[in-house]
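The primary structure of each chain is shown beneath.
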Amino acid sequence: MQIQWYPGHMTKARRMLEENLKIVDVIVTVLDARIPASSWNPDVARLTKGKEMIVLLNKADLANSEITIRWIEYFRTKGYAAIPVTCTNKGEKKKVLTAINSAAKRRVEALKKRGVNKVVRVMVLGVPNAGKSTLINMICGYNAAKTEDRPGVTRGRQWIRINQYLELMDTPGLLWPKFDDDSTGMHLAFCGSINEQIINTEELCLHLLAALRSIAPDGLMERYRLEELDGDDAVNLERICRARGFIRKGNVPDIERAVSVILNEFREGKIGRISLEQPEF
Ligand SMILES: Nc1nc2c(ncn2[C@@H]2O[C@H](COP(=O)(O)OP(=O)(O)OP(=O)(O)O)[C@@H](O)[C@H]2O)c(=O)[nH]1
Ligand SMILES: [Mg+2]
């Protein structure tokens, strides 16, 4: 299944990123902990080379914790400060602020020697729906940035002042013009980073079922009360309709409803804490 989504507002957002790069001290890259490889933007990585960067593996509550620990090791061996976070959890604030302070330390201290108290400017980047605005709200303690469970919520850049010495910039979710392989676009779509209007969601759901059948068959069977899994995911989808009572007049399975429920339940972690990607060292 081939997916590409690079609408005009992303071209604009990329330009804005380039224009603002000079004035930022630290980049925070928000990845989705379930798909760190697919949510790593190679275009942004190239643009921000040489900047202090912190890699946040967000939505850690939805990912397999052992695999997340391995991803953290992976990014650390690549030279990045990397931490797992759950931005919907307010208790994570200190951990993130410590990482930002430590990344900005060199510049802050250099200026302090010259008697200047530097305002640290942090740009928050990531694919759509990764949790950038949620991160900013968690740090500032109130809803300064709009968040929603769909991609493309934040459109323009927005500076949010945290205190006298710290400012964060929220940015629109960014993808890149061409994914290297089909699985990248698909994984991003599974996790809600692609606008559903451009996707055949039934086809996407069949691919998700195939992935879950191989990674988390027990979670899948348990959630949808299936005795066994068929090798054909169209059959599994129909069984899920029946198990959930998604039946229309004339005993016709309501596939559309099941597709929407399965995608949402996966995204909410109801099928289990599932990591779709593992690091390769
Ligand atoms: N379970 C869970 N959900 C999260 C977490 N962080 C964010 N979310 C949810 O993910 C959805 C998207 O969050 P946003 O903060 O709007 O994402 P964004 O990166 O700003 O998205 P765009 O502005 O569209 O690029 C929201 O429904 C959040 O509640 C997390 O750590 N765990
Ligand atoms: Mg946002």
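Further up the page is the structure itself.
Owing to the predicted nature of the structure, the values given are computational and were not obtained by experimental measurement.

### Observations regarding the overall build of the protein chain
In step 1: What the protein chain contains, in helices and strands, is 10 helices and 8 strands.
In step 2: Along the first, second and third principal axes, the C-alpha atoms of the protein chain reach 75 × 35 × 35 Å.
In step 3: Across the 281 residues in the protein chain, those meeting the buried criterion constitute 51%.
In step 4: Put simply, of all contacts in the protein chain between residues at least 6 apart along the chain, 68% involve residues at least 24 apart.
In step 5: Just so you have it, the protein chain exposes about 14,000 Å², and 46% of that area is on carbon and sulfur atoms.

### Things to note about the packing of helix α9 (residues 233-244) against helix α10 (residues 255-267)
In step 1: Look at α9 against α10: their axes get within 9 Å of each other, and the N-to-C directions meet at 90 degrees. Of the possible angle classes, the one that applies to α9 and α10 is roughly perpendicular. In this structure, α9 uses Leu 237, Ile 240, Cys 241 and Arg 244 to contact α10, whose residues at the interface are Ile 255, Ala 258, Val 259, Val 261, Ile 262 and Glu 265.
In step 2: When the residues that make up the contact of α9 with α10 are grouped by side-chain class, the tally is 8 nonpolar, no polar and 2 charged.

### What about the site of ligand 1?
In step 1: Within the structure, ligand 1 sits among 23 residues, and Lys 132, Thr 134, Gly 152, Val 153 and Thr 154 are positioned closest to it.
In step 2: In the environment of ligand 1, an oxygen atom lies 2.9 Å from a nitrogen or oxygen atom belonging to the side chain of Ser 133.
In step 3: A distance of 2.8 Å separates an oxygen atom of ligand 1 from a polar atom in the backbone of Val 153.
In step 4: Expressed as a share of its isolated accessible area of 650 Å², the protein-covered part of ligand 1 is 89%.
In step 5: The biggest single contributor to the shell around ligand 1 is helix α5 (residues 132-140), with 3 residues.
In step 6: A breakdown of the residues in the shell around ligand 1 according to their chemical character gives 6 nonpolar, 11 polar and 6 charged.

### A few points about the packing of aromatic side chains
In step 1: Under the counting rule described, the total for this entry stands at 8 aromatic pairs.
In step 2: By the ring-pair criterion, three or more aromatic residues cluster together here, those being Trp 40, Trp 71, Tyr 74, Phe 75, Tyr 80 and Phe 281.

### Brief notes about the coordination of the magnesium ion (ligand 2)
In step 1: Protein ligation of the magnesium ion (ligand 2) involves Ser 133 (OG) and Thr 154 (OG1), the donor distances falling in the range 2.0 to 2.2 Å. Of the two residues, Ser 133 sits in helix α5 while Thr 154 sits in the loop between α5 and β5 (158-163), which places them 21 residues apart along the sequence. As far as the burial class goes, Ser 133 and Thr 154 line up, both buried.

Quick notes on the rules
Here, residues in each chain are numbered from 1, in the same order as that chain's written sequence. Following the order in which they are written, the chains are lettered starting with A and the ligands numbered starting with 1. In view of the model being predicted, local features appear only for residues whose pLDDT reaches at least 70, and side-chain atom pairs are presented and counted only at 80 or more, with totals across whole chains, interfaces and linings using the full set of residues. Note: side-chain values were computed over all heavy atoms of the structure, leaving out hydrogens and water. For helices the rule is a DSSP run of H or I covering at least 4 residues; for strands it is a run of E covering at least 2, with both sets numbered from the N terminus onward. Only protein chains enter the accessibility calculation, which uses a 1.4 Å probe; a residue is then buried when its area is under 20% of its type maximum, exposed when over 50%, and partly exposed in between. What makes two residues a contact is simply this: any of their non-hydrogen atoms within 4.5 Å. Areas reported here follow the Shrake-Rupley algorithm with a probe of radius 1.4 Å; residue values treat only the protein chains shown as occluding. Axis definition: a line fit to C-alpha positions, over the contact stretch in the case of helices; interaxial angles, taken between N-to-C directions, run 0 to 180 degrees. Oblique is the label for any angle not covered by the other classes, which are roughly parallel (under 35 degrees), roughly antiparallel (over 145) and roughly perpendicular (65 to 115). Only Asp, Glu, Lys and Arg are considered charged, only Ala, Val, Leu, Ile, Met, Phe, Trp, Tyr, Cys and Pro nonpolar, and every remaining residue, Gly among them, polar. Near, as used in this document, describes a residue that has one of its heavy atoms within 4 Å of the molecule or strand being considered. Two N or O atoms count as a polar contact when they lie within 3.5 Å, although within protein this holds only if one can serve as hydrogen donor and the other as acceptor, and sequence-adjacent residues are included solely when both atoms are side-chain atoms. Aromatic pairing here means that ring centres of Phe, Tyr or Trp (its six-membered ring) are within 6.5 Å. Orientation follows from the plane angle: under 30 degrees is stacked, over 60 is edge-to-face, and everything else is tilted. Listed donors are limited to N, O and S atoms within 2.8 Å of the metal, widened to 3.2 Å for Na, K and Ca; water is not among them, so incomplete-looking sites are possible.

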